[in-house]
Amino acid sequence: MPEVAPYAVSPRNTRGRARREKPPVGRSEFQRDRDRIIHSTAFRRLEYKTQVFVNHEGDLFRTRLTHSLEVAQIARSVARNLRLNEDLVEAVSLAHDLGHTPFGHAGQEALHDCMKSHGGFEHNLQSLRVVDSLEQRYAAFDGLNLCFETREGILKHCAVKNARLLGDVGERFIKRLRPSLEAQLANLADEIAYNNHDVDDGLRSGLLTLEQLARVGIFARHMKEVQREHPKIDARRLVHETVRRMIGTLVTDLTSQSAKNIKARALRSLDDVRAAPSLIAFSTAIRREQQELKRFLRVNLYQHHQVARMTNKARRVVRDLFQAFFNDPQLMPPQYHAPAAANTARTVADYIAGMTDRYAIREFRRLFAVDEI
Ligand code: MG
């Protein structure tokens, strides 16, 4: 990895791992974190989890796995240009969705409802729980024993009430400090990735039309540019080319605005970063356009009646599974029985959150369809 800036996270200023380990050979501490994430069970399951569309709806839509790869790609490009720690942004990007339930936002809301009187369910906290304890594959410890900065990046948001229970990674929410620039970057790379792929998947599914999108500022101006340069272009290529250029614009803007912000603060260390406001940011004009696009997607895609019908089904699956397992924990596989005896609701939430879309549907059938075993 090229030499990073003094305000980037590096092996020199890392707060290290909760459990001490021998330094890695032939790779950095953050490469080791990334490798552990890629080899985890939760990471493999991302292939069969979705954000907006349910996994069986088609092979061309993004899954959480391809989404996480897109986030890592975007975050790494920006990190390199800002001389930030590329290995760390990659690790955070690949891990950021590990705690997501099946069925995207619908699943998360349903599980949170079920957990209301048991401390709630929040996917960021769950991602941290996955890497801190739920992955059980190492002889010496539970979880992946990741570096502090990787864990900090995974915990994007957190209520102060929960932060108090989290120790080191909770501190910044209580003291109102910022996370590393790498964590800030992974967060915005996530936003660039999902806004753009939701446009693309929305069009491919037929839930959105080009006519609708032609009324959204950032899409319209890139589409017109493509049409001007390639008047005979077909619709499919027009969409790809427009989305490609939008991502390019957002990445370039994020890089240049963040570089300006960093320069203006004359940052010298990681402590300077923590005390400053968020410095990884879009320019005002681009931020406005992004907000317009988000609003458009919320109204026209996330609240589309066809999505709502599926969301409704997803909610029912999660709710019914939760009730059944909560009332009788013996219905869960044996490895959940002991933890369920200590905390039934949390164990059921862990089990359900770990499910892929198709596994949840299969479990639902196995539990409730009388002709299934
Ligand atoms: Mg994401």
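Owing to the predicted nature of the structure, the values given are computational and were not obtained by experimental measurement.

Overview of the side chain of His197
And then number 1: Looking at the element boundaries, His197 is found in helix α10 (residues 181-205).
And then number 2: Among the residues examined, His197 registers a relative accessible area of 1% and is labelled buried.
And then number 3: Side chain to side chain, His197 and Asp198 meet in a polar contact 3.2 Å long.
And then number 4: With sequence-adjacent residues up to four places away left out, His197 is seen in contact with Gln51, Arg62, His67 and Glu70.

Some points on the domain arrangement of the protein chain
And then number 1: Once the domains are mapped, the protein chain shows domain 1 (29-308) and domain 2 (309-372).
And then number 2: Using only C-alpha atoms to locate each centre, domain 1 and domain 2 end up separated by 27 Å.
And then number 3: Domain 1 puts 33 residues into the contact, and the matching count from domain 2 is 24 residues.
And then number 4: Across the domain 1/domain 2 interface, buried area totals approximately 2500 Å², and carbon plus sulfur atoms make up 65% of it.
And then number 5: Between the two partners, domain 1 and domain 2, sit two salt bridges.
And then number 6: Salt-bridge contacts for Glu109 lead to Arg315; the nearest nitrogen and oxygen are separated by 3.7 Å.
And then number 7: On inspection of domain 1 and its partner domain 2, the count reaches 19 residue pairs in polar contact (both at pLDDT 80 or more).
And then number 8: Of all the secondary-structure elements, those providing two or more residues to the side of domain 1 that touches domain 2 are α5 (104-114), α6 (123-134) and α16 (305-327).

Considering the coordination of the magnesium ion
And then number 1: Coordination of the magnesium ion by the protein comes from His67 (NE2), His96 (NE2) and Asp190 (OD), over a distance range of 2.1 to 2.3 Å.
And then number 2: All donors of the magnesium ion come from a single chain, and their spacing in sequence reads H-x28-H-x93-D. Linking His96 in the loop between α4 (86-95) and α5 with Asp190 in helix α10, this pair joins segments that are 94 residues apart in sequence.

Focus on the packing of aromatic side chains
And then number 1: Tallied over the entire structure, the rule returns six aromatic pairs.
And then number 2: When the ring of Tyr351 is compared with that of Tyr359, the centres are 6.4 Å apart and the planes differ by 75°; the resulting orientation is edge-to-face.
And then number 3: Seen in terms of ring centroids, Phe364 and Phe368 are 5.0 Å apart; in terms of plane orientation they differ by 55°. Their pairing is tilted. With Phe364 and Phe368 both in helix α19 (residues 357-368) and four residues apart, this pair spans about one turn of that helix.

Things to note about the side chain of Arg151
And then number 1: Following the sequence through the fold, Arg151 ends up in helix α7 (residues 148-154).
And then number 2: For Arg151, the residues in contact, after removing those within four places along its chain, are Leu128, Asp132, Leu146, Asp168 and Val169.

What about the packing of α6 against helix α18 (residues 344-354)?
And then number 1: Contact pair α6 / α18: the axes reach a minimum separation of 12 Å and the direction vectors enclose 100°. It follows from the interaxial angle that α6 and α18 lie roughly perpendicular. Side by side, α6 and α18 meet where Gln126, Arg129 and Leu134 of the first sit next to Arg346, Asp350 and Ala353 of the second.
And then number 2: Partitioning the contact of α6 with α18 into residue classes produces two nonpolar, one polar and three charged.

Some points on empty space enclosed by the protein
And then number 1: Evaluated as defined, the whole model comprises two cavities of 30 Å³ or more.
And then number 2: Lining the second largest cavity are Val92, His96, Gly153, Lys156, Ala183, Ala186, Asn187 and Asp190.
And then number 3: Looking at the lining of the second largest cavity, the element that brings in the most residues is α10, giving four residues.

Quick look at the environment of Thr14
And then number 1: Relative to the elements of secondary structure, Thr14 occurs in the segment before α1 (29-38).
And then number 2: With 133 residues separating them along the chain, Thr14 and Cys147 place their C-alpha atoms 7.5 Å apart.
And then number 3: Apart from residues no more than four positions distant in its own chain, Thr14 is found in contact with Phe30, Cys147 and Glu149.
And then number 4: A polar contact of 2.7 Å, which involves the side chain of Thr14, links it to the side chain of Glu149.

Quick look at the nonpolar core
In globular proteins that are soluble, nonpolar side chains generally tend to be buried together.
And then number 1: In this structure, Leu84, Leu181, Leu185 and Phe219 are the most contacted members of the largest nonpolar core, which totals 56 residues.
And then number 2: Mapped by element, the contributors of at least two residues to this core are α3 (64-82), α4, α10, α11 (210-213), α12 (217-229), α13 (235-265), α14 (270-275) and α15 (284-302).
And then number 3: A per-element tally of this core places α10 first, with nine residues.
And then number 4: In contact with Phe219, not counting residues within four places along its chain, are Val199, Leu203, Leu210, Leu213, Ala214, Thr242 and Met246.
And then number 5: Core analysis: the second largest hydrophobic core is formed by 24 residues, Met115, Ala314, Ile352 and Ala360 among them.

What counts, and where the lines are drawn
Residues numbered from 1 in each chain as written. Predicted model: local features only at pLDDT ≥ 70, side-chain atom pairs only at ≥ 80, totals over all residues. Heavy atoms only, no water. Helix = DSSP H or I, 4+ residues; strand = E, 2+ residues; numbered from the N terminus. Buried < 20%, exposed > 50% of the residue type's maximum accessible area, 1.4 Å probe, protein only. Polar contact = N/O pair within 3.5 Å; in protein donor to acceptor, adjacent residues only side chain to side chain. Contact = heavy atoms within 4.5 Å. Domains from an automatic or database assignment. Buried area = accessible area lost by both parts, 1.4 Å probe. Salt bridge = Lys/Arg side-chain N within 4 Å of Asp/Glu carboxyl O. Donors = N, O, S within 2.8 Å, 3.2 Å for Na, K, Ca; no water. Phe/Tyr/Trp six-rings, centres within 6.5 Å; stacked < 30°, edge-to-face > 60°. Axes fitted to C-alpha atoms, helices over the stretch in contact; angles between N-to-C directions. Parallel < 35°, antiparallel > 145°, perpendicular 65-115°, else oblique. Nonpolar A, V, L, I, M, F, W, Y, C, P; charged D, E, K, R; others polar. 1 Å grid on protein atoms, 1.4 Å probe; cavity = no way out; pocket = protein on both sides within 12 Å on 5 of 7 lines; lining within 4 Å. Points joined across faces, edges and corners; volume = space filled by probe spheres on them. Core = buried A, V, L, I, M, F, W, Y, C linked by side-chain atoms within 4.5 Å.

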